[in-house]
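# Fold and geometry: a report
Next come the chains, spelled out residue by residue.
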Amino acid sequence: MTFAQLNAEDVEGVSISGPPIRLSGSAAEYLALALHELAVNAMKFGALTVPGARLSVTWTRLDAVDGPALRFCWREEGVPVLATNPR
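Residues numbered from 1 in each chain as written. Predicted model: local features only at pLDDT ≥ 70, side-chain atom pairs only at ≥ 80, totals over all residues. Heavy atoms only, no water.

### Digging into the sheet that holds strand β2 (residues 54–64)
- Pairing in this open sheet of three strands is mixed, and the strands run β1-β2-β3 from one edge to the other. One side of each edge strand has no neighbouring strand; the edge strands of this open sheet are β1 (14–17) and β3 (67–77). Adjacent strand axes in the sheet meet at a mean angle of 15°, parallel and antiparallel pairs treated alike.
- Taken together, the 11 bridges between β2 and β3 define a ladder with antiparallel strand orientation. Counted as the bridge partner of T60 is R71 from β3. (Pairing = 2+ DSSP bridges. Helix = DSSP H or I, 4+ residues; strand = E, 2+ residues; numbered from the N terminus. Axes fitted to C-alpha atoms, helices over the stretch in contact; angles between N-to-C directions.)

Spelled out as structure tokens, the structure:
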């Protein structure tokens, strides 16, 4: 199965939620790149490789003093921590 074929509905332990948000073209591009990197890492090393692990993706819109902002959260639980200094 390739990433393009993988849907959140196909994977147990994945939840995705947030309101509809309109982004500028450049903001959407940067967010798409970040999501792609996070998803690939989760498929190689993270929550999408460990039975029983959970992946939660949420976002909210914030009304900040200097304009609207996006709070985005990617949380993986039940994944063992890899050694940061492998031998």
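That was the structure; now back to the text.
### Comments concerning the environment of T58
- With respect to the helices and strands, the residue T58 is situated in strand β2.
- In the structure, T58 is positioned 16 residues away from W74 in sequence and 6.8 Å away in space, judged by C-alpha atoms.
- Residues contacting T58, with those up to four places away along its chain left out, are S17, R71, F72 and C73. (Contact = heavy atoms within 4.5 Å.)

### What to know about the nonpolar core
- Grouped together as the largest cluster of nonpolar side chains are seven residues: A39, A42, A47, A53, L55, V57 and W74.
- If you list the elements that add at least two residues to this core, you get α1 (25–44) and β2.
- Beyond its immediate sequence surroundings of up to four residues, A42 is in contact with A47, L48, T49, W74 and E76. (Core = buried A, V, L, I, M, F, W, Y, C linked by side-chain atoms within 4.5 Å. Buried < 20%, exposed > 50% of the residue type's maximum accessible area, 1.4 Å probe, protein only.)

### Overview of the confidence of the model for the chain
- Overall, the predicted model of the chain reaches an average pLDDT of 85, with 80% of residues at or above 70.
- Here residues 1–5 is a poorly scored stretch, pLDDT under 50, and it has four contacts once near neighbours within four places are set aside; other chains count. (pLDDT = per-residue confidence, 0-100.)

### Comments concerning the pattern of salt bridges
- For the structure shown, the criterion picks out one salt bridge.
- Here R61 makes a salt bridge to D63, at a shortest N to O gap of 3.9 Å. (Salt bridge = Lys/Arg side-chain N within 4 Å of Asp/Glu carboxyl O.)

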